Amino acid sequence: MNPTTNKIIKSVFKQGAISSEFIGESIAKHQTKTTIGAHNIFLGQVRADVINNKTIKAIEYTAHEEMANKKFYEIREAAFQKHGIIQHQSFGKIIGFEVNGYGSFHMMDDANVPSLLSLPYLGAIEPNNPLYLNTRKVVLSENNPFFYKGKAGEGIGGPHTGADTIWPMSIILRAITSVDDKEITHCVRNLMQTHAGTGFMHESFHKDDASKFTRKWFAWANTLFGELIYKLHQEKPGLLQKI
């Protein structure tokens, strides 16, 4: 089953000249993705050749965008099907967090977005897709080295805040992407019990003691929490009232 069925094909083209500022911003954005082993960024420029006493300043490039974007999409999806789906010894077919295209893969998930857990939230796959559900079982278990469970709660952390630290963001995304009312209720209650009396979502908290947290104010997590509550208010008002 193709996990990206009905996915909107996005354009890979940028109209006009590509400025140095655009390149700098692109590189800066990649610096935040510290769980990725390598980035390939190809940089080029127009060579100022002189032909017939005229200096080349630009090269005009045209393409049939719809056809090109469709082909780029097909190539990407074919690569995903060939390399991105791996066979787990206990759970069967799952989506790999990181693969190298030669058969090796990194088995984990990170609390940040994007992540494997957040794929339905990003519109990359349906939340009831068997491939995603299998992947979800793995990342929400001890098979994920960054999944922690303790006296205060359970959830996914990451390499940024150290061992045994759970990110509320992962609990929020777990609820947003869940198709199970019991699981959603469990997640919301866990969030209500781990804000350490501050009324805000933090970056992370210790699995056994929610008073040990990082970042008193973390806008990203607070915004996602607001999105979760609004989603429940719109789609499951009865469930929200019972929590």
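Before any of the text, the structure's been laid out above.
First, a word on what this report is: a plain description of the structure on this page. (Residues numbered from 1 in each chain as written. Predicted model: local features only at pLDDT ≥ 70, side-chain atom pairs only at ≥ 80, totals over all residues. Heavy atoms only, no water.)

Details of the nonpolar core
In globular proteins that are soluble, nonpolar side chains generally tend to be buried together. Membership of the largest hydrophobic core comes to 40 residues, with the highest contact counts inside it found for Leu 117, Leu 119, Ile 156, Ile 172 and Leu 228. Considering each element in turn, this core owes the most residues, six residues, to helix H4 (residues 168–176). With residues up to four places along the chain from it excluded, the contact list for Leu 228 reads Ile 172, Ala 175, Ile 176, Val 188 and Leu 191. (Core = buried A, V, L, I, M, F, W, Y, C linked by side-chain atoms within 4.5 Å. Buried < 20%, exposed > 50% of the residue type's maximum accessible area, 1.4 Å probe, protein only. Helix = DSSP H or I, 4+ residues; strand = E, 2+ residues; numbered from the N terminus. Contact = heavy atoms within 4.5 Å.)

Concerning the pairing of strand E4 (residues 92–95)
Side chains on a regular strand alternate between the two faces of the sheet. Where strand E3 (residues 85–88) lies against E4, four bridges are found, and the strand directions are antiparallel. Bridge assignment links Ile 86 to a residue of E4, and that residue is Ile 94. Between E3 and E4, which follow one another and run antiparallel, lie three residues. (Pairing = 2+ DSSP bridges.)

With respect to the side chain of Asn 144
Relative to the helices and strands, Asn 144 is located in the loop between helix H3 (130–139) and strand E7 (147–149). There is a polar contact of 3.0 Å between the side chain of Asn 144 and the backbone oxygen of Val 139. Sequence-distant contacts of Asn 144, defined by excluding residues within four places in its chain, comprise Met 108, Asp 109, Val 138, Val 139 and Ile 156. (Polar contact = N/O pair within 3.5 Å; in protein donor to acceptor, adjacent residues only side chain to side chain.)

Examining the sheet that holds strand E9 (residues 165–166)
One open sheet accounts for three strands, arranged E9-E10-E11; its pairing is antiparallel. Looking at strand neighbours, the two that pair on one side only are E9 and strand E11 (209–214), the edges of this open sheet. Two strands pair when backbone bridges link them, and E9 and strand E10 (residues 204–206) are joined in this way by two bridges, in the antiparallel orientation. Each residue of the ladder has a partner; that of Ile 166, found in E10, is Phe 205.

Quick notes on the pattern of salt bridges
With the rule as written, the count across this model stands at 12 salt bridges. Beyond isolated ion pairs, a larger network of salt bridges with shared partners links Arg 136, Lys 149, Glu 154, Arg 174 and Glu 183. (Salt bridge = Lys/Arg side-chain N within 4 Å of Asp/Glu carboxyl O.)

Digging into the environment of Val 99
Considering the arrangement of structural elements, one finds Val 99 in strand E5 (residues 98–99). What makes Val 99 partly exposed here is its relative accessible area of 34%. With 19 residues separating them in the primary sequence, Val 99 and Phe 80 have C-alpha atoms 9.8 Å apart.

Some thoughts on the packing of helix H5 (residues 181–192) against helix H6 (residues 219–235)
The N-to-C vectors of H5 and H6 enclose an angle of 140 degrees; their axes lie 12 Å apart at closest approach. One finds that H5 runs oblique with respect to H6. Considering only the axes of H5 and H6, their crossing is left-handed. Where H5 approaches H6, its residues Ile 184, Val 188 and Leu 191 are matched on the opposing element by Phe 225, Leu 228 and Leu 232. (Axes fitted to C-alpha atoms, helices over the stretch in contact; angles between N-to-C directions. Parallel < 35°, antiparallel > 145°, perpendicular 65-115°, else oblique. Left-handed = near helix turned anticlockwise from the far one by under 90°.)

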